[in-house]
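Overview (structure and organization)
Here's the letter readout for the chains.
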Amino acid sequence: MNQLEALSLSNDKRRVKGQRKGKKKKNGNSRARDDHTVVIRGNKQRLKTSHHKNMPQFYDSAKTLGIFHDHKLYEMNRMDLFPQLKDPIAHIAKSTPADKTQLVRPFLGISLYENHDKYSPMTAKELDTTEACSTYLDQYENSHGQKYGEDRDFVIVTARHHMIDLAILPFSRQFTNVNLLCAYTPGNLLEISQDPADNTNDKVGVNTDNPILKKICFSGFALEDILTESANDEERNPTFLIVENEIANTRLLMRCEIDAYNPITSHYTELKCYAKYNFGNPNHRRKLLKSWIQTGVIPTTDIVIGVRDTESGCLQDVRCYNRNLLYNKLISKSLPRCDSELNYDPAISVVWYRNLINTLTTTIASLLDKFGRDEPQLFSIKVDNNCNIRIEHRQNPN
């Protein structure tokens, strides 16, 4: 991080809601309500980085801890549990352009829209569960005789996609926000999950009522079926990687769904399906930036992109990027500038993410000092695309 000029959110206007300079808090019920809320005013245009040659990281250290499949925890030697990239596709990462053309040819022309109406996506509960992490925590305590990460200020347990949603927020053109719950367990455990009161995502993605958008979203799942094979699970139940990230004195334990494993490179692989794209298009750059962020918590992850024909849904090309290659393409000086979207600079997403984690933990720590650390506590977290942060204590959940 010494190559980054990080925006310190702690220097922004941090206040208890209703408390302004020169004014006393209101008396009565509003004061009691406001005592539970902290608002940190942000300004995403203040996010910036210094010149950086090396790709910055979202963490100080990272490691994989276990594999979770079909409600069971496995050691890290069970890579066979992950869907495996089929042999021709697995070789793309190390192939020349000429060889790559031959490797992908058998897959071109396959429809990615077929049977989209029969697909059943994971439920909201399945998508948000941290069963993998809680199982690991229980096993760790049983085998080590102590709680996991008890020497850290906090251990944050969550599904990876929540952290991705937070990291990509400043790059949104339109106003948007992320609404999460944070449950504190006495000690230092913070479990972050989706706020069930927020139903904004109920009809987006593959759950949309728009038949055209549904086909487009389904194409990503179809691509996984076409490019991978699974010897151990005919039903293709999702397989999760349990990943640990360290940021300062905070430890994150994340459940990460893995699309595929590449036995040739020994890398994990994220599979994406896009219409024909170019890095000069702002919408395309944001999608590619989000893919780079998604792979950021696991150091050995590549990205394979299937390019589809928008009208027919047929696969037209397969492209492979490692994280460094995608990073260099995103920061290329030949790309048109998009200052209002922070130029889709991946280093800025790292600055924002690391400072956000620091802000969340220090603010929650101060609220716990006020409301008590000896009993479970519940907080709501709301962050918008201008980097405004609102954390509210929701009383003792018991």
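Just so it is clear, the model here is predicted, and its values are computed rather than measured.

What counts, and at which threshold
Residues numbered from 1 in each chain as written. Predicted model: local features only at pLDDT ≥ 70, side-chain atom pairs only at ≥ 80, totals over all residues. Heavy atoms only, no water. Helix = DSSP H or I, 4+ residues; strand = E, 2+ residues; numbered from the N terminus. Buried < 20%, exposed > 50% of the residue type's maximum accessible area, 1.4 Å probe, protein only. Contact = heavy atoms within 4.5 Å. 1 Å grid on protein atoms, 1.4 Å probe; cavity = no way out; pocket = protein on both sides within 12 Å on 5 of 7 lines; lining within 4 Å. Points joined across faces, edges and corners; volume = space filled by probe spheres on them. Nonpolar A, V, L, I, M, F, W, Y, C, P; charged D, E, K, R; others polar. Pairing = 2+ DSSP bridges. pLDDT = per-residue confidence, 0-100. Axes fitted to C-alpha atoms, helices over the stretch in contact; angles between N-to-C directions. Parallel < 35°, antiparallel > 145°, perpendicular 65-115°, else oblique. Left-handed = near helix turned anticlockwise from the far one by under 90°. Phe/Tyr/Trp six-rings, centres within 6.5 Å; stacked < 30°, edge-to-face > 60°. Expected span 1.5 Å × (residues − 1). Polar contact = N/O pair within 3.5 Å; in protein donor to acceptor, adjacent residues only side chain to side chain.

Some words on the overall build of the protein
Looking only at helices and strands, one finds 10 helices and 17 strands in the protein. Expressed as a percentage of the 398 residues in the protein, the buried residues total 48%. Counted over contacts in the protein with a minimum sequence separation of 6, partners at least 24 positions apart contribute 73%.

Looking at empty space enclosed by the protein
Under the defined criterion, the tally for this structure stands at two cavities of 30 Å³ or more. One number sums up the size of the largest cavity: a volume of about 40 Å³. Lining the largest cavity, in full, are Phe58, Met163, Ile164, Ala167, Ile293, Val297 and Tyr353. The leading source of residues in the lining of the largest cavity is helix H6 (residues 160-168), at three residues. For the lining of the largest cavity, the class distribution of residues is seven nonpolar, no polar and no charged.

Observations regarding the pairing of strand S7 (residues 177-185)
Taken together, the eight bridges between S7 and strand S16 (residues 377-384) define a ladder with antiparallel strand orientation. Bridge pairing in S16 links Asn179 to Lys382. In terms of strand pairing, S7 meets strand S8 (residues 189-194) through six bridges, oriented antiparallel. Bridge pairing in S8 places Tyr184 opposite Leu190. Counting the residues that bridge the hairpin from S7 to S8 gives three residues, and of these Gly187 lies at a positive phi of roughly 125 degrees.

Re the confidence of the model for the protein
Averaged over every residue, the pLDDT of the protein is 87; the share at 70 or more is 85%. Within the protein, helix H1 (residues 29-34) has the poorest average pLDDT of any element, 39, and strand S6 (residues 154-159) the best, 98. Under a pLDDT of 50 for its full length, residues 1-33 has, in the predicted model, 61 contacts with residues more than four places off or in other chains.

A few points about the packing of helix H8 (residues 282-294) against helix H10 (residues 346-371)
With their axes 10 Å apart at the nearest point, H8 and H10 run at an angle of 50 degrees to one another. Classed by the angle they form, the pair H8 and H10 counts as oblique. The way H8 lies across H10 gives a crossing that is right-handed. In contact with Leu289, Trp292 and Ile293 of H8, H10 contributes Pro346, Ser349 and Val350. Classifying every residue of the contact of H8 with H10 by side-chain character gives five nonpolar, one polar and no charged.

Concerning the packing of aromatic side chains
A full pass over the atoms with the stated rule returns 12 aromatic pairs. Each ring, one from Tyr136 and one from Tyr140, has its centre 6.2 Å from the other, and the planes form 40 degrees; the classification is tilted. One end of the pair is Tyr136 and the other is Tyr140, both in helix H5 (residues 131-144) and four residues apart, which spans about a single turn. Its relative accessible area of 11% is what places Tyr136 among the buried residues. Assessed through its relative accessible area of 15%, Tyr140 is described here as buried.

Comments concerning H8
For H8, which comprises 13 residues, the first-to-last C-alpha distance of 18 Å matches the rise-based estimate of 18 Å (1.5 Å per residue) to within 8%. Among the residues making up H8, those that are buried are Pro282, His284, Arg285, Leu288, Leu289, Ser291, Trp292, Ile293 and Gln294. Of the surrounding elements, those touching the buried residues of H8 are H6, strand S13 (267-275), strand S14 (301-308), helix H9 (323-330) and H10. Its side-chain oxygen at 2.9 Å from the backbone nitrogen of Asn283, Asn281 defines the N-terminal cap of H8.

Here we look at the environment of Ala365
Counting through the fold element by element, Ala365 comes out in helix H10. On the basis of relative accessible area, Ala365 is assigned to the buried category, the value being 16%. In the structure, Ala365 is positioned 177 residues away from Asn188 in sequence and 9.6 Å away in space, judged by C-alpha atoms. Beyond its immediate stretch of four places on either side in the chain, Ala365 contacts Phe154 and Arg373.

Some remarks on the side chain of Gln294
In this structure, Gln294 sits in helix H8. Residue classification places Gln294 among the buried residues on the basis of a relative accessible area of 14%. Contacts of Gln294, omitting those with residues within four sequence positions, involve Arg160, Ile164, Glu270 and Lys272.

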